[in-house]
Amino acid sequence: MSTTHTHHHPNFHPPNYKQPGAFDVLRPLRRLVDNYPVKNARFAHVICQVIPCCCPFERNINLFGRTIHIPALCKLNPLYDEFVGLRFRALSYLADECGEDVTKYIC
């Protein structure tokens, strides 16, 4: 049974990985990143600084009176979803466990 979901949210990004059961050479690396625990404030800060909250490549360029849009290239990264999840876990750890203000890490 197949269910089709329509997402009208402008920031919805479908997962980069394939359907379950499909051969995925990156599966061990995905699991490693997904299961990596964030239990250290210093590590959590590094993660929040290294992994950007939004794609730094997406932009509009005006060239000779024409606007050229460069799309968010981060979504081409096959581990994009796992890194976003790791960053979220780091933010949650800092806010929930350490009681820190994480607004400086949010775009």
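Since we're looking at a predicted model, the values are computed, not measured.

Undergrad: Hey, could you go over the side chain of Asp-24 for me, with residue numbers and the actual values?
TA: Tracing the sequence through the fold places Asp-24 in the segment before α1 (27-35). On the basis of relative accessible area, Asp-24 is assigned to the buried category, the value being 17%. There is a polar contact of 2.7 Å between the side chain of Asp-24 and the side chain of Arg-30.

Undergrad: Mind laying out a nonpolar patch on the surface, listing which residues take part and the relevant values?
TA: Where nonpolar side chains cluster on the molecular surface, the patch consists of Ile-61, Leu-63, Phe-64 and Ile-68 and spans about 420 Å² of accessible area. With respect to the secondary-structure elements, Leu-63 resides in strand β1 (residues 59-63). A relative accessible area of 41% means that Leu-63 is categorised as partly exposed.

Undergrad: A description of unusual backbone geometry should follow, citing residues and the corresponding values.
TA: Even without being glycine, Phe-64 reaches a positive phi, approximately 55 degrees. What makes Phe-64 exposed here is its relative accessible area of 80%.

Undergrad: Please set out the pattern of salt bridges residue by residue, giving values where relevant.
TA: In total, this model carries two salt bridges according to the counting rule given. In this structure, the salt-bridge partner of Arg-30 is Asp-24, at a minimum N-O distance of 2.7 Å. Exposure class is identical for Arg-30 and Asp-24. Each is buried. Linking Glu-82 and Arg-30 is a salt bridge whose minimum nitrogen-to-oxygen distance equals 3.5 Å. Residue Glu-82 is found in helix α3 (residues 80-97), and its partner Arg-30 is found in helix α1; the two are separated by 52 residues along the sequence. Comparing Glu-82 with Arg-30 shows no difference in burial state: the two are buried. One network of salt bridges, in which partners are shared, links Asp-24, Arg-30 and Glu-82.

Undergrad: Give a description of the packing of aromatic side chains that names residues and reports values.
TA: Counted under the stated rule, the structure contains one aromatic pair. Ring geometry for Tyr-36 versus Phe-43: centroids 5.5 Å apart, planes at 50 degrees, classification tilted.

Undergrad: Tell me about the nonpolar core, residues and numbers included.
TA: Ranked by internal contacts, the top residues of the largest apolar core, which has 13 residues, are Val-38, Ala-44, Cys-48, Leu-86, Ala-90, Leu-94 and Tyr-105. Tallying contributions element by element places α3 first for this core, with five residues. Leaving out residues up to four positions away in the same chain, Tyr-105 has contacts with His-45, Cys-48, Gln-49, Cys-53, Arg-87, Leu-91 and Leu-94.

Undergrad: Let's hear about the environment of Arg-59: which residues, and what values?
TA: Inspection of the secondary structure puts Arg-59 in strand β1. The spatial distance from the C-alpha of Arg-59 to the C-alpha of Ala-72 is 7.9 Å, given a sequence separation of 13 residues. Setting aside its immediate chain neighbours within four residues, Arg-59 contacts Ile-68, His-69 and Ile-70.

The rules behind each value
- Residues numbered from 1 in each chain as written.
- Predicted model: local features only at pLDDT ≥ 70, side-chain atom pairs only at ≥ 80, totals over all residues.
- Heavy atoms only, no water.
- Helix = DSSP H or I, 4+ residues; strand = E, 2+ residues; numbered from the N terminus.
- Buried < 20%, exposed > 50% of the residue type's maximum accessible area, 1.4 Å probe, protein only.
- Polar contact = N/O pair within 3.5 Å; in protein donor to acceptor, adjacent residues only side chain to side chain.
- Patch = residues over 30% accessible without salt bridge, like charges linked within 9 Å, V, L, I, M, F, W, Y side chains within 5 Å.
- Areas by Shrake-Rupley, 256 points an atom, 1.4 Å probe, with all protein chains shown as cover.
- Salt bridge = Lys/Arg side-chain N within 4 Å of Asp/Glu carboxyl O.
- Phe/Tyr/Trp six-rings, centres within 6.5 Å; stacked < 30°, edge-to-face > 60°.
- Core = buried A, V, L, I, M, F, W, Y, C linked by side-chain atoms within 4.5 Å.
- Contact = heavy atoms within 4.5 Å.

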